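Chain residues, written in single-letter form:
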2 protein chains.
Amino acid sequence: MGAPVSVETVVGRLNEFMGARATTARGVLDDHGRSEAYHASRPPDVVVFPESTQEVASIVRLCNELGMPVVPFGAGTSLEGNAASIAGGVCIDFARMNRVLRVNDKDLDVVVQPGITRKQLNAQLRDTGLFFPIDPGADASIGGMSSTRASGTMAVRYGTMKDNVLALEVVLADGRVIRTGSRARKSSAGYDLTRLFVGAEGTLGVITEVTLKLHPWPQAISSAVCSFARLDQAIDTAIEIIQSGIPVARMELLDEVMMRGINGYSKLGYRETPTLFFEFHGTDASVSEQAELAEAIAADHDGQGFQWARAAEDRSKLWHARDNTLYAGLSLKPGAKAMITDVCVPISRLTECLTDTRRDIDANGLIAPVVGHVGDGNFHLLILIDHDNADEVARAKALHARLVARAIAMEGTCTGEHGIGTGKMSFLADEHGEAVDVMRAVKLAIDPQQTLNPGKIFTLGARP
Amino acid sequence: MGAPVSVETVVGRLNEFMGARATTARGVLDDHGRSEAYHASRPPDVVVFPESTQEVASIVRLCNELGMPVVPFGAGTSLEGNAASIAGGVCIDFARMNRVLRVNDKDLDVVVQPGITRKQLNAQLRDTGLFFPIDPGADASIGGMSSTRASGTMAVRYGTMKDNVLALEVVLADGRVIRTGSRARKSSAGYDLTRLFVGAEGTLGVITEVTLKLHPWPQAISSAVCSFARLDQAIDTAIEIIQSGIPVARMELLDEVMMRGINGYSKLGYRETPTLFFEFHGTDASVSEQAELAEAIAADHDGQGFQWARAAEDRSKLWHARDNTLYAGLSLKPGAKAMITDVCVPISRLTECLTDTRRDIDANGLIAPVVGHVGDGNFHLLILIDHDNADEVARAKALHARLVARAIAMEGTCTGEHGIGTGKMSFLADEHGEAVDVMRAVKLAIDPQQTLNPGKIFTLGARP
């Protein structure tokens with residue numbers, strides 16, 4: 001690599017084939033420099049809006065030659081600085097690569113460009129009888145969701161992005177374009193490159209096309225809500241439902257603090273105790289049976305006020321509370337922002353983990369409602385903090401570090417679905433030990449110039 | 001690396017800490033040198049029977065230092081020479097590392113040593129209400145199934161090994177021991193090393209412990225059989241069953257040639273036309289409903305003689321035919337052996353792929369019954385060949401190559417579940433193109449001395 005080149009040189013070269021779709025306009029740069037307030041960030045030097053894989057390949061090849069970092073950017077909804085341009089460079093915004101390329105309804109798959117969001121995709125699938133189930137809450141892009149190995153409320157039934165990405169088209173650091181797999185539903189042909197790039201947060205390649213599995217819309221859906229006097233009763237109910245083989249589609253836990261927020265925010269009268277929200281997918285007969293079986297199990301654990309609903313309007317009312325957890329949580333401390341945690345533990349340890357964590361929160365004078373994808377053992381604290389209060393921020397960060405240590409000690413992970421980004425780099429070695437060296441070796445073998453999303457997931461030596 | 005060492009030196013060093021569990025006894029070497037007759041092979045130089053991860057680490061570290069190949073060996077049931085010691089060296093037989101280390105019934109997972117077979121595992125799980133569903137037919141070891149990304153008849157419902165391995169303990173080429181993940185059901189913490197080692201056929205590391213997902217035994221099981229005059233009717237039935245969201249647990253296709261073999265071998269009177277075998281898992285009500293829905297869909301496609309059964313004895317009778325496909329197939333050509341193919345295509349192309357293939361088989365004067373995991377688009381030909389007939393072997397190999405080319409042209413894969421081994425290396429680049437270079441880069445980054453299972457999956461330059 002020669003001497004560092006100026007941003008002007010890079011922009012000039014990009015303008016040659018992209019025209020005004022390579023820009024250094026202040027407002028655009030700032031739009032791509034925003035991040036969660038508690039992670040350090042800066043704007044990129046250039047933002048580009050490619051319209052094809054070949055353009056992406058040209059951009060990446062150029063940057064790799066010139067020693068400019070490349071940061072892929074989807075909908076900007078990630079939570080750990082995953083798409084932050086912390087080293088400047090060229091930010092690739094996929095807003096103009098957001099098309100559905102092919103729906104294969106008999107094969108239950110779809111080929112899309114990475115910039116499409118999950119809601120845009122489902123809107124375009126409406127007439128096919130199929131849908132894409134992964135729902136992380138935010139209307140994230142499919143490329144971003146693939147890169148962070150996202151999941152959300154329906155993972156307990158439909159899996160995570162790792163289970164629903166069939167194949168990828170990826171631009172490598174040197175500009176070569178590869179496909180990581182075919183449209184076959186399964187394959188044993190060589191290393192699983194699809195799963196290597198899924199969750200790599202753009203550090204190994206830039207995703208330009210995603211082949212996703214789709215699922216048939218269930219004939220019927222039923223929803224249910226049930227509250228419990230104690231946390232262990234709620235979690236034991238969840239465990240038994242899974243052990244019984246009930247194919248629950250969603251099973252969400254809101255703790256007593258979150259329920260208090262819900263009641264205040266939405267003027268509702270729920271019990272302010274740990275509460276489970278369920279959704280069941282299947283035939284008419286099956287969703288009724290599932291709800292009845294779940295009710296019987298909840299009753300064995302002293303569940304109170306079990307309600308279930310089938311009609312769309314009634315279901316929507318039941319789930320309204322769960323759908324507004326962010327704003328309901330924030331309402332508990334007006335003016336605060338939420339530091340959102342993401343540990344995941346074996347479900348047998350969940351009661352202990354949550355109980356210890358609640359004690360820790362209270363002992364440190366913090367407010368932190370809990371919402372959990374309980375079937376997977378994954379839960380989020382919304383630690384409500386005033387960012388101008390340095391002491392409170394420090395207490396929140398210390399709480400988070402203890403929470404992660406607790407989860408790892410219980411054979412869990414520091415992140416169930418948000419990724420490492422810059423926000424959780426310090427925890428990766430605690431969780432993976434020497435396996436992080438294998439990750440580094442893979443990174444340097446595939447991106448030796450450290451062009452792709454540098455400074456994420458783990459530290460590396462200086463760029464060559 | 002110094003001058004090559006003698007086998008005697010290696011054995012001497014191994015005997016120091018393993019005693020007689022490192023052996024060069026002729027019979028033992030030959031037992032580990034057997035392979036499918038149509039793949040070249042030779043026995044290993046040494047066979048070792050370690051009893052702990054630390055012993056495996058010592059063996060691998062030693063071999064890496066001395067430049068001796070290491071080949072992990074499970075139950076010896078792989079079909080593509082995956083565990084053949086083609087370059088000699090030390091074969092690690094996991095027969096003495098076959099224990100269940102921990103059952104976590106609330107978490108629906110189990111930690112096992114790699115040498116345990118799937119049947120041994122399920123026998124030990126009998127009292128837990130849980131089971132491990134992956135069923136490749138053979139009683140393979142869990143380590144071997146992980147390494148070849150195995151699947152089989154229940155993948156349509158329960159996924160493949162990639163979906164059911166939660167985490168691995170792996171010995172790296174330099175003897176370091178890593179864990180690829182926690183017991184959390186999902187994680188976004190860094191690269192997905194679990195999926196990198198699953199399917200790597202022992203070329204990136206030696207698996208010493210496997211954490212598997214388990215599933216609750218269904219309350220009820222029902223089975224069904226239905227035949228069709230034409231192949232497209234059977235496959236369209238399968239497609240519609242999946243599109244309808246019926247959570248079929250198994251759905252197997254036997255073609256008219258295989259049904260002829262079944263009738264002859266088992267003295268049965270089935271129609272000798274394409275036939276589907278089903279299994280449904282769920283509650284009593286649900287398995288009845290699933291069978292009834294499947295029957296209605298089959299009827300829409302002129303399915304004939306739909307039978308279904310719930311009692312274990314009756315189910316067993318129905319599935320008897322499917323359970324004996326290998327011997328029934330072989331009975332069509334007494335004295336022949338089977339060359340077993342393994343392509344997988346999108347299900348929308350399956351009728352075309354099978355029809356073209358049947359024409360190709362017949363035009364070349366070969367006998368090849370078909371059995372297919374039709375829900376996944378994966379099917380096997382049993383090409384019946386007399387290995388002493390060089391012309392017939394050549395015709396079978398040419399048929400296989402055309403079949404793979406046809407599957408890849410239809411966006412499929414050369415292997416759905418058997419792996420590449422030595423048998424399919426020539427097809428890997430056809431399927432993956434330049435992505436094979438990424439696999440090579442990963443291999444050389446993790447195993448730079450090419451110690452681990454050399455000569456498998458892809459070619460590399462000379463060992464350093």
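Please read all numbers here as calculations on a predicted model, not as lab measurements. (Residues numbered from 1 in each chain as written. Chains lettered and ligands numbered in written order. Predicted model: local features only at pLDDT ≥ 70, side-chain atom pairs only at ≥ 80, totals over all residues. Heavy atoms only, no water.)

1. Thoughts on the interface of chain A and chain B
Item 1. With 83 residues of chain A at the contact, the number on the chain B side is 83 residues.
Item 2. Buried surface at the junction of chain A and chain B, summed over both partners, amounts to about 6,400 Å²; 58% is from carbon and sulfur atoms.
Item 3. The tally of links between chain A and chain B comes to 12 salt bridges.
Item 4. With a shortest N-O distance of 4.0 Å, Arg176 of chain B and Glu434 of chain A are connected by a salt bridge.
Item 5. Taken together, the links from chain A to chain B amount to 41 residue pairs in polar contact (both at pLDDT 80 or more).
Item 6. Every element with two or more residues in the side of chain A that touches chain B is listed here: helix H7 (161-164), strand S9 (177-179), helix H8 (193-197), helix H9 (231-243), helix H11 (284-300), helix H16 (425-432) and helix H17 (435-446) of chain A.
Item 7. Looking at the side of chain A that touches chain B element by element, the count peaks at nine residues for H17 of chain A.
Item 8. Classifying every residue of the side of chain A that touches chain B gives 32 nonpolar, 27 polar and 24 charged. (Contact = heavy atoms within 4.5 Å. Buried area = accessible area lost by both parts, 1.4 Å probe. Salt bridge = Lys/Arg side-chain N within 4 Å of Asp/Glu carboxyl O. Polar contact = N/O pair within 3.5 Å; in protein donor to acceptor, adjacent residues only side chain to side chain. Helix = DSSP H or I, 4+ residues; strand = E, 2+ residues; numbered from the N terminus. Nonpolar A, V, L, I, M, F, W, Y, C, P; charged D, E, K, R; others polar.)

2. With respect to the sheet that holds strand S8 (residues 165-171) of chain A
What links the strands of a sheet is backbone hydrogen bonding, and the strands pair in either a parallel or an antiparallel sense.
Residues and elements named next belong to chain A.
Item 1. The strand order across the open sheet built from five strands is S5-S6-S10-S8-S9, with neighbouring strands paired in antiparallel fashion. Each end of this open sheet is capped by a strand with a single partner; those strands are strand S5 (100-104) and S9. Recorded for the sheet is a direction-independent mean angle of 15° between the axes of neighbouring strands.
Item 2. Strand direction decides the pairing type here: S8 and S9, joined by three bridges, are antiparallel. Residue pairing across strands places Val171 opposite Val177, the latter belonging to S9. (Pairing = 2+ DSSP bridges. Axes fitted to C-alpha atoms, helices over the stretch in contact; angles between N-to-C directions.)

3. Examining the pattern of salt bridges
Item 1. The final tally for this structure, using the stated rule, is 68 salt bridges over all chains.
Item 2. With its nearest N and O atoms 3.0 Å apart, the salt bridge here joins Arg118 of chain A to Asp135 of chain A. Here Arg118 of chain A is found in helix H4 (residues 118-124), whereas its partner Asp135 of chain A is found in the loop between strand S7 (130-131) and helix H5 (142-147), with 17 residues between them in sequence.
Item 3. Judged by relative accessible area, which is 7%, Arg118 of chain A ranks as buried.
Item 4. When its relative accessible area of 16% is taken as the criterion, Asp135 of chain A is described as buried.
Item 5. Measuring nitrogen to oxygen at the nearest pair gives 3.1 Å for the salt bridge that ties Asp192 of chain B to Arg195 of chain B.
Item 6. Where salt bridges share partners, they join Arg102, Asp107, Asp109 and Arg183 of chain A together with Glu411 of chain B into one cluster. (Buried < 20%, exposed > 50% of the residue type's maximum accessible area, 1.4 Å probe, protein only.)

4. Looking at the relation of the copies chain A and chain B
Item 1. Mapping chain A onto chain B is achieved by rotating through 180° and translating by 0.0 Å along the same axis, at an RMSD of 0.0 Å. Such a combination of rotation and displacement between the chain copies is what one expects of a two-fold axis. (Least-squares fit on C-alpha atoms with pLDDT ≥ 70 in both.)

5. So, the packing of H17 of chain A against helix H17 (residues 435-446) of chain B
Item 1. For the pair H17 of chain A and H17 of chain B, interaxial distance at closest approach is 9 Å and the crossing angle is 135°. For the element pair H17 of chain A / H17 of chain B, the angle class is oblique. The hand of the H17 of chain A/H17 of chain B crossing is right-handed. Taken together, the residues of H17 of chain B that come into contact with H17 of chain A (itself represented by Val438, Ala441, Val442, Ala445 and Ile446 of chain A) are Val438, Ala441, Val442, Ala445 and Ile446 of chain B.
Item 2. The residue inventory of the contact of H17 of chain A with H17 of chain B, partitioned by class, reads 10 nonpolar, no polar and no charged. (Parallel < 35°, antiparallel > 145°, perpendicular 65-115°, else oblique. Left-handed = near helix turned anticlockwise from the far one by under 90°.)

6. Overview of a nonpolar patch on the surface
Residue and element names in this part refer to chain A.
Item 1. A contiguous nonpolar patch, built from Tyr265, Leu326 and Tyr327 and spanning about 310 Å² of accessible area, is present on the exposed surface.
Item 2. Relative to the assigned elements, Leu326 resides in helix H13 (residues 325-330).
Item 3. When its relative accessible area of 38% is taken as the criterion, Leu326 is described as partly exposed. (Patch = residues over 30% accessible without salt bridge, like charges linked within 9 Å, V, L, I, M, F, W, Y side chains within 5 Å. Areas by Shrake-Rupley, 256 points an atom, 1.4 Å probe, with all protein chains shown as cover.)

7. Notes on the domain arrangement of chain A
All names here are of chain A.
Item 1. Domain boundaries assigned for chain A yield domain 1 (7-95), domain 2 (97-216), domain 3 (220-327) and domain 4 (333-409).
Item 2. Relative to domain 3, the C-alpha centre of domain 2 lies at a distance of 29 Å.
Item 3. Of the residues lining the interface, six residues belong to domain 2; the matching set on domain 3 comes to nine residues.
Item 4. Between domain 2 and domain 3 lies a buried interface of about 670 Å² when both sides are counted; carbon and sulfur atoms form 54% of it.
Item 5. Of all residues in domain 2, Thr153, Val156 and Arg157 give up the largest surface area on contact with domain 3, accounting jointly for 73% of the area buried on that side.
Item 6. Where domain 2 packs against domain 3, one counts one salt bridge.
Item 7. With its nearest N and O atoms 3.2 Å apart, the salt bridge here joins Arg250 to Asp135. (Domains from an automatic or database assignment.)

8. Points about the pairing of strand S14 (residues 275-282) of chain A
All names here are of chain A.
Item 1. Extensive coverage of S14 is indicated by the burial of eight of its eight residues.
Item 2. Neither face of S14 is left uncovered, since the one carrying Thr275, Phe277, Glu279 and His281 and the one carrying Leu276, Phe278, Phe280 and Gly282 both have all their residues buried.
Item 3. Sheet topology note: the strand S12 (residues 220-227)/S14 ladder contains eight bridges and is antiparallel. Bridge assignment links Cys226 to a residue of S14, and that residue is Leu276.
Item 4. For strand S13 (residues 248-254) and S14, the ladder comprises six bridges, and the chain directions are antiparallel. Note on S14: the bridge partner recorded for Val248 is Phe280.

9. A short note on the packing of aromatic side chains
Item 1. In this structure the tally under the stated criterion is 14 aromatic pairs over all chains.
Item 2. For the ring pair Phe277 of chain A and Trp319 of chain A, a centre distance of 6.0 Å and an interplane angle of 65° mean the geometry is edge-to-face. Taken together, the residues Phe277 of chain A in strand S14 and Trp319 of chain A in helix H12 (residues 312-323) connect sequence positions 42 residues apart. The two residues Phe277 of chain A and Trp319 of chain A agree in class, both being buried.
Item 3. Arranged with centres 4.4 Å apart and planes meeting at 20°, the rings of Phe131 of chain B and Trp217 of chain B form a pair that is stacked. Here Phe131 of chain B, found in strand S7 (residues 130-131), pairs with Trp217 of chain B, found in the loop between strand S11 (215-216) and strand S12 (220-227); they are 86 residues apart in sequence, far enough to count as distant.
Item 4. With relative accessibility at 3%, the residue Phe131 of chain B sits in the buried group. (Phe/Tyr/Trp six-rings, centres within 6.5 Å; stacked < 30°, edge-to-face > 60°.)

10. With respect to helix H9 (residues 231-243) of chain B
Item 1. Here H9 of chain B is 13 residues long and its end C-alpha atoms lie 18 Å apart, about the 18 Å a rise of 1.5 Å per residue gives.
Item 2. Looking at the packing, one finds that the buried side of H9 of chain B touches strand S11 (215-216) of chain A together with helix H6 (155-158), strand S13 (248-254), strand S14 (275-282), helix H11 (284-300) and helix H14 (350-363) of chain B.
Item 3. Among the residues trailing H9 of chain B, Gly245 of chain B stands out with phi positive, at a value near 80°. (Expected span 1.5 Å × (residues − 1).)

11. Details of the sheet that holds strand S18 (residues 378-385) of chain B
All names here are of chain B.
Item 1. In space, the seven strands of this open sheet follow the order S15-S12-S14-S13-S17-S18-S16, with antiparallel pairing throughout. Looking at the sheet topology across the chains shown, the edges are occupied by strand S15 (304-309) and strand S16 (337-340). Looking at each pair of strands side by side, their axes are set apart by 20° on average, direction ignored.
Item 2. Looking at chain direction, S12 and S15 are connected through four bridges and run antiparallel. Bridging from a neighbouring strand, Val225 pairs with Gln307 of S15.
Item 3. The strands that H11 touches are S12, S13, S14 and S15; relative to S14, the one it contacts most, it runs at about 155°.
Item 4. The strands that helix H15 (residues 390-409) touches are S16 and S18; relative to S18, the one it contacts most, it runs at about 165°.

12. Remarks on the environment of Phe73 of chain B
Residue and element names in this part refer to chain B.
Item 1. Structurally, Phe73 can be placed in strand S3 (residues 70-73).
Item 2. Measuring from C-alpha to C-alpha, the distance between Phe73 and Tyr158 comes to 26 Å, with 85 residues separating the pair along the chain.
Item 3. The contact partners of Phe73, leaving out residues within four places of it in the chain, are Asp31, His32, Arg34, Ala83, Cys91, Ile92, Asp93 and Phe94.

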